[in-house]
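Single-letter residue listing:
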Amino acid sequence: MRAVRTVLGDVPGEELGVCDAHDHLFFASPRLPGEELDDAAAARAELTAFRDRGGGAVVQWTPYGLGRRAADLPGLSRETGVHVVAATGLHQDVHYDEDTLAALRGRAAGVFVAELTRGIGTSGVRAGLIKVAGGFHGLDGHARWTLSAAAEAHHATGAPIAVHLELGTGALDVLESLCGEWGVPPDRVILGHLNRSPDAAVHRQAAGSGCWLTFDGPSRAHHATDWRMPEAVRELAEAGFGDRLLLGGDTTTAAARSVDGGPGMPYLLRRVAPRLALAVGEELVRRILTENPARAFAVEWR
């Protein structure tokens with residue numbers, strides 16, 4: 001039986017409701033000094049604001065070593081009534097010091113499997129997906145290492161693999177490696193940031209593989225996001241790929257939270273969804289926010 005592995009346990013996909021398929025409650029990286037998401041009260045307020053707009057689930061793509069605060073997630077989920085899915089995996093090497101990466105050499109896949117099946121650290125909270133990252137228009141050595149470890153962990157558990165695409169590029173390289181070289185079924189691969197590189201031909205090729213395409217990070221001033229996304233989604237829907245699309249907010253700094261004056265999680269439902277409905281209709285937007293994530297994150301866990 002397929003189930004989504006939330007921080008409170010496994011649930012049927014249809015219980016997620018309206019889902020923010022890529023976001024962060026907690027995130028801390030040396031690349032973003034002073035902008036950490038590390039305030040539990042703010043995380044609770046953000047989840048509450050998302051719930052009050054009709055949100056039912058948030059998938060946190062924060063991987064190993066970047067301030068996940070896994071032990072805090074069950075309480076936040078209970079208090080707000082919002083399902084939360086946690087991640088294992090590794091981001092790009094620039095987010096880590098050398099000692100952290102050296103300690104994982106030769107054992108990353110085992111760590112991912114343990115966090116998916118037994119729990120993250122001593123928290124007992126199990127991850128529900130593996131988050132990894134590609135490079136800009138390609139895969140460097142670190143990306144290949146982490147993607148291969150993710151593939152190994154997928155084969156051991158069935159977990160979906162979510163991939164950060166740098167500025168939205170490298171989608172086909174990622175699919176060639178994960179699906180072609182390492183045998184991960186395309187429907188277990190979730191590509192992120194497709195809106196950052198609005199290449200319609202690449203979008204169609206990627207969707208044609210059977211993977212999931214996530215349009216996330218709206219309202220970023222330095223990315224081609226909001227104004228191009230409706231057209232990109234419309235073109236994919238007209239090509240028959242409306243059932244492969246996901247939406248997310250990707251809040252990565254404290255200033256981006258709605259409770260701190262930014263757009264935050266509620267913006268996805270307050271502005272993005274209505275704008276998208278003008279391009280593709282309310283019914284497709286409803287499916288992208290509910291039915292698609294219910295299938296994308298549900299797993300026959302091994």
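Further up the page is the structure itself.
Residues numbered from 1 in each chain as written. Predicted model: local features only at pLDDT ≥ 70, side-chain atom pairs only at ≥ 80, totals over all residues. Heavy atoms only, no water.

Draft legend 1. Examining the overall build of the protein more closely. Along the backbone of the protein there are 11 helices and 11 strands. Taking the principal axes of its C-alpha atoms as reference, the protein extends roughly 50 × 40 × 40 Å. Burial statistics for the protein: of 302 residues in total, 58% are counted as buried. Of the contacts made within the protein by residues no fewer than 6 positions apart, 77% connect residues no fewer than 24 positions apart. Surface summary for the protein: the accessible area is close to 11300 Å², and the carbon and sulfur share equals 49%. The centroid of the 30 positive side-chain charges in the protein is displaced by 3 Å from the centroid of its 38 negative side-chain charges. (Helix = DSSP H or I, 4+ residues; strand = E, 2+ residues; numbered from the N terminus. Buried < 20%, exposed > 50% of the residue type's maximum accessible area, 1.4 Å probe, protein only. Contact = heavy atoms within 4.5 Å. Areas by Shrake-Rupley, 256 points an atom, 1.4 Å probe, with all protein chains shown as cover. Lys, Arg positive; Asp, Glu negative; His and termini not counted. Charge placed at Lys NZ, Arg CZ, Asp CG, Glu CD.)

Draft legend 2. Representation of the pattern of salt bridges. Per the stated rule, a full pass over the model turns up 13 salt bridges. Salt-bridge contacts for D187 lead to R188; the nearest nitrogen and oxygen are separated by 3.9 Å. Judged by relative accessible area, D187 falls into the partly exposed class, the value being 32%. In this structure, D250 and R196 form a salt bridge, with 3.2 Å as the shortest nitrogen-oxygen distance. One end of the pair, D250, is in the loop between β11 (245-247) and α9 (266-280); the other, R196, is in the loop between β9 (189-192) and α7 (200-209), with 54 residues separating them in the sequence. The pair formed by D250 and R196 is uniform in burial state, with each residue classed as buried. What emerges from the salt-bridge pattern is a single network uniting R5, D10 and R126. (Salt bridge = Lys/Arg side-chain N within 4 Å of Asp/Glu carboxyl O.)

Draft legend 3. Structural view of the pairing of strand β4 (residues 57-60). Burial along β4 is two-sided: the face carrying A57 and V59 and the face carrying V58 and Q60 are both buried. Handedness of the crossover joining strand β3 (residues 19-23) and β4 through helix α1 (residues 40-52) is recorded here as right-handed. Both β4 and strand β5 (residues 83-85) contribute to a ladder of 3 bridges, which runs parallel. Following the sheet pairing, A57 is matched in β5 by H83. Note on the crossover from β4 through helix α2 (residues 73-80) to β5: the handedness is right-handed. (Right-handed = clockwise from strand over helix to strand, strands pointing away. Pairing = 2+ DSSP bridges.)

Draft legend 4. Summary view of the sheet that holds β9. Judged by pairing direction, the sheet is parallel, and its 6 strands sit side by side in the order β6-β7-β8-β9-β10-β11 without closing on themselves. In this open sheet, the two edge strands, each paired with only one partner strand, are β6 (87-89) and β11. Taking the axes of each pair of neighbouring strands and ignoring which way they run, one obtains an average angle of 30 degrees across the sheet. By the bridge criterion, 3 bridges tie strand β10 (residues 212-215) to β11 in an arrangement that is parallel. Residue pairing for β11: F215 is matched across the bridge by L247. Of the strands in this sheet, β6 and β7 (129-133) are in contact with helix α4 (residues 108-117), which crosses β6 at around 165 degrees. Relative to β9, helix α6 (residues 171-181) is tilted by about 160 degrees, and along the sheet it contacts β8 (161-164) and β9. (Axes fitted to C-alpha atoms, helices over the stretch in contact; angles between N-to-C directions.)

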